[in-house]
Amino acid sequence: MTRPAHDRLAGVVRDHAGQLAVALMRVTGDFATAEDLVQDAVLAALQHWPTEGIPEKPDAWLFTVAKRRALDGFRRADNYRAKLALLQWPVQPAEDERLQLIFTCCHPALSRPAQIALTLRVVCGLTTEQIARAFLVRETAIARRITRAKRKITDAGIPYRVPADDELASRLSEVLAVIYLLFNEGYLATTSAPQSRDLAEDADWLAGLLHQLMPTEPEVAGLLALIRLHRARAQARFGVDGALVLLPDQDRSLWDQQAIAEAIRLLTGAALRKRPGPYQLQAAIVACHAEAVRWEETDWEQIVLLYDMLLHLTPSPVTRLHRAIALRYTIGAQAAMAELDDLGSALGDYHLYHASRAELLRALGQPEQARAADQRALELTNNPAEQAILHQRLAWR
Amino acid sequence: MKYVLLFVETEEFERDLEAMGPAERDRAYQRVMEWMTTNADKIRGGNKLQGSETATTVRLGDGEPVITDGPFVEGKEVVSGYTEIEVADLDEALRMVKTWPGCPLIEIRPLEP
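Reference entry: report on the structure contained in this document.

Rules and cut-offs
- Residues numbered from 1 in each chain as written.
- Chains lettered and ligands numbered in written order.
- Predicted model: local features only at pLDDT ≥ 70, side-chain atom pairs only at ≥ 80, totals over all residues.
- Helix = DSSP H or I, 4+ residues; strand = E, 2+ residues; numbered from the N terminus.
- Rg over C-alpha atoms; globule rule 2.2 N^0.38 Å.
- Buried ≥ 20, exposed ≤ 12 C-beta atoms within 10 Å, placed from the backbone.
- Contact = placed C-beta atoms within 7 Å.
- Nonpolar A, V, L, I, M, F, W, Y, C, P; charged D, E, K, R; others polar.
- Core = buried A, V, L, I, M, F, W, Y, C linked by C-beta atoms within 7 Å.
- Domains from an automatic or database assignment.
- Pairing = 2+ DSSP bridges.
- Axes fitted to C-alpha atoms, helices over the stretch in contact; angles between N-to-C directions.
- Parallel < 35°, antiparallel > 145°, perpendicular 65-115°, else oblique.
- Left-handed = near helix turned anticlockwise from the far one by under 90°.
- Expected span 1.5 Å × (residues − 1).

### Observations concerning the overall build of chain A
Secondary structure summary: chain A contains 19 helices and zero strands in total. Relative to its length of 397 residues, chain A is compact, with a C-alpha radius of gyration of 23 Å against a globular reference of 21 Å. Taking the principal axes of the C-alpha coordinates as reference, chain A spans close to 75 × 45 × 40 Å. The burial tally for chain A puts 38% of its 397 residues in the buried class. Put simply, of all contacts in chain A between residues at least 6 apart along the chain, 60% involve residues at least 24 apart.

What follows is the structure, given as C-alpha cells:
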C-alpha cells in the first residue's frame, strides 16, 4: 500500500477506534473487554480494508465486527450478550466520552509505558504490532504490558471517569506527559518505512482531540501549539540525503508559515487565560524560533527570559542546558560554558550535553577538547540521525 | 471495593517521632485519630503493629521450617499498621490517603473479591 493510502487508513481507524471503545464500554462496563473487542475490530479492518477499500461507514463496519465477535465470545459466559444483541449503530453518546477513556488509560496508578501502550491501542486504535514496531520493542513485551495494565484497571478498581476538579490539574499533567512523550518518540524517529506508524501524527491528533474536549485548559492548547510548531518545520529537518539538518542551517522557506501562524494564534488564546505552564512556555520558545526569518534574527533575549520562567515552574538540568545554549547568543560562549560546567555532574550521561559542550568549545577555539566531547556524545546516542551528524563533525572539523 | 492500606514507616519518620516532645507527639497522634474519625464511614477495621524488632519470620521449605528473628525483608521501610477500607474505586482510596497525617508511605492493595 502507498504511504498516503496507509495514512488515510490509519486516520480512519483513529477517528473511530476510541468512539467504538466508548460505546462498548457503556454496554459491557468492563474496560478490558471493550479494549479487546476494539483491537479485534481494528485488526479485521487492517486485514480487509487495504484490498476491499475503506467502507462508506467505517464506524458502522467496525461496530458490526466488534458486536459479532462479542456475541461469539459471550455465548457461554454471557452477561453482556442480551444487551449487546439489542445494540444498534450508531450509538449516540450524549457527549464525547473519549475523555473518560483517555483519563483511564493515563491513570497515575499505571506505569508510564503502560499508559502509553494503552492510550495508543484504545484511543488511537493502534495494533500491538504497530506499537511494538514504533518503540522497537518485541510484540510479546507490549502484549504483556497491555494485559497487565488491563488486569490492574479491573482488579485495583481504577475508575472510568474524568477526575474531579481538585484532582484535574495533576491528572491532566499525566495525560499531557504521555502525549508529549509520544510526540518526542515520533519526532526523533528517522525511519519512515511506509508501514511504520508516525507517532508524531498520533500525538498531534490526541492533543487536538484533548483540546476539542477541554477547550478552556491553557496547557492543553499549549501542548497542541508546541507539537504543531515543531511539525510545521518538519520539512526542513532532513536534507535530501535523509540527514538531520540543525536549526541554524535549515532552509526556512520550507517551514509551513500558515501552520506556524495558526499555532501562535492558539498559544496567544491560551495565554489570555493567565495560567502559564510548562507547555505554553516551551511552545512560546519554539514560537520565537519559528518567527525568526533568519537564524541571525532570533530573539535570544526573549528566549532566555522564557527559559527563566520555565525553570521557575519546573526546575530541571535539561532546561538549564537549553538555557545555557541560548545564553551563548546573549552574554557569550564563555558564560554559557561556565553554566555547562556546573551541569556536568547532573548531565554527564546525556549526549546533548556533550554535543552542546563541543559546539561551545569550538566557538572558544578549543578544537581538540571539542572533538573529545563530540566523541563522548556519539557514544551516548542510539539515534542514527544524531549519530550521523556527530560523525560528520568528527570527520570534518 | 475493598482495599487494605498498608502504612509504612521510614527510618527518618521514626527519628522525627522520637525527637518530638510529649505534647508534640500527642498532637501527632491526635491528627491521626481525627483522620480515623473523619473517614470512619469507610474504615472496616485495622490495627497498629508492634515494631519490626518484634517480628518473627518463618520460611517453609523442603525440610524443617526456618525460623528467623525480624521481618522478611530487612529494610529501611517497614509496615507499621494496616486499615481495611471500603470505597467506590481507587480514586476514592487515593483521595482518602492524600490527607493521611501519619507515616510518609502508604501502599494501597485491593482485596480479592
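Further notes follow.
### As for the interface of chain A and chain B
As a measure of interface size, the accessible area lost when the parts come together is often cited. The partner chain B presents five residues to the six residues of chain A that form the contact. Split into classes, the residues belonging to the side of chain A that touches chain B amount to four nonpolar, one polar and one charged.

### Describing the nonpolar core
Residues and elements named next belong to chain A. By size, the foremost hydrophobic cluster in this structure holds 110 residues, and its most contacted members are Leu20, Ala21, Val38, Ala66, Ile179 and Leu229. Formed jointly, this core draws a minimum of three residues from each of two domains, domain 1 (1–95 + 109–160) and domain 2 (316–397). Look past the residues within four positions of Leu20 in its chain and what remains in contact with it is Val38, Ala41, Leu62, Phe63 and Ala66.

### Observations regarding the sheet that holds strand S1 (residues 2–10) of chain B
All names here are of chain B. Taken together, four strands build an open sheet; the order of strands is S2-S5-S1-S6 and the sheet is antiparallel. The outermost strands of the open sheet, each flanked by one partner alone, are strand S2 (43–48) and strand S6 (105–110). Strand-to-strand twist of the sheet, defined as the mean angle between neighbouring strand axes without regard to direction, takes the value 20 degrees. Relative to strand S5 (residues 77–86), S1 runs antiparallel, the two sharing nine bridges. In the strand pairing of S5, Val4 is matched with Glu84.

### Section: the packing of helix H2 (residues 31–52) of chain A against helix H3 (residues 58–73) of chain A
Residue and element names in this part refer to chain A. Between H2 and H3, the least distance of the axes is 9 Å, while the angle of their chain directions is 125 degrees. Here H2 lies oblique to H3, going by the angle between them. In the crossing of H2 with H3, the sense of the turn from one axis to the other is right-handed. In this structure, H2 contributes Leu37, Val38, Asp40, Ala41, Ala44 and Ala45 to the contact, and H3 contributes Leu62, Val65, Ala66, Arg69 and Ala70. By residue class, the composition of the contact of H2 with H3 is nine nonpolar, no polar and two charged.

### Considering helix H17 (residues 351–363) of chain A
All names here are of chain A. Relative to the 18 Å expected for 13 residues at 1.5 Å per residue, H17 spans 19 Å between its end C-alpha atoms, a close match to the ideal helical length. Of the residues making up H17, those classed as buried are His351, Tyr353, His354, Ala355, Ser356, Arg357, Ala358, Leu360 and Leu361. One or two steps after H17, the chain reaches Gly365, where phi turns positive at roughly 75 degrees.

### Some details on the pairing of strand S4 (residues 66–69) of chain B
Residues and elements named next belong to chain B. Two elements, strand S3 (residues 56–59) and S4, share four bridges in a ladder whose sense is antiparallel. Directly across from Thr57, in S4, lies its bridge partner Thr68. What sits between S3 and S4 in their antiparallel hairpin is a turn of six residues.

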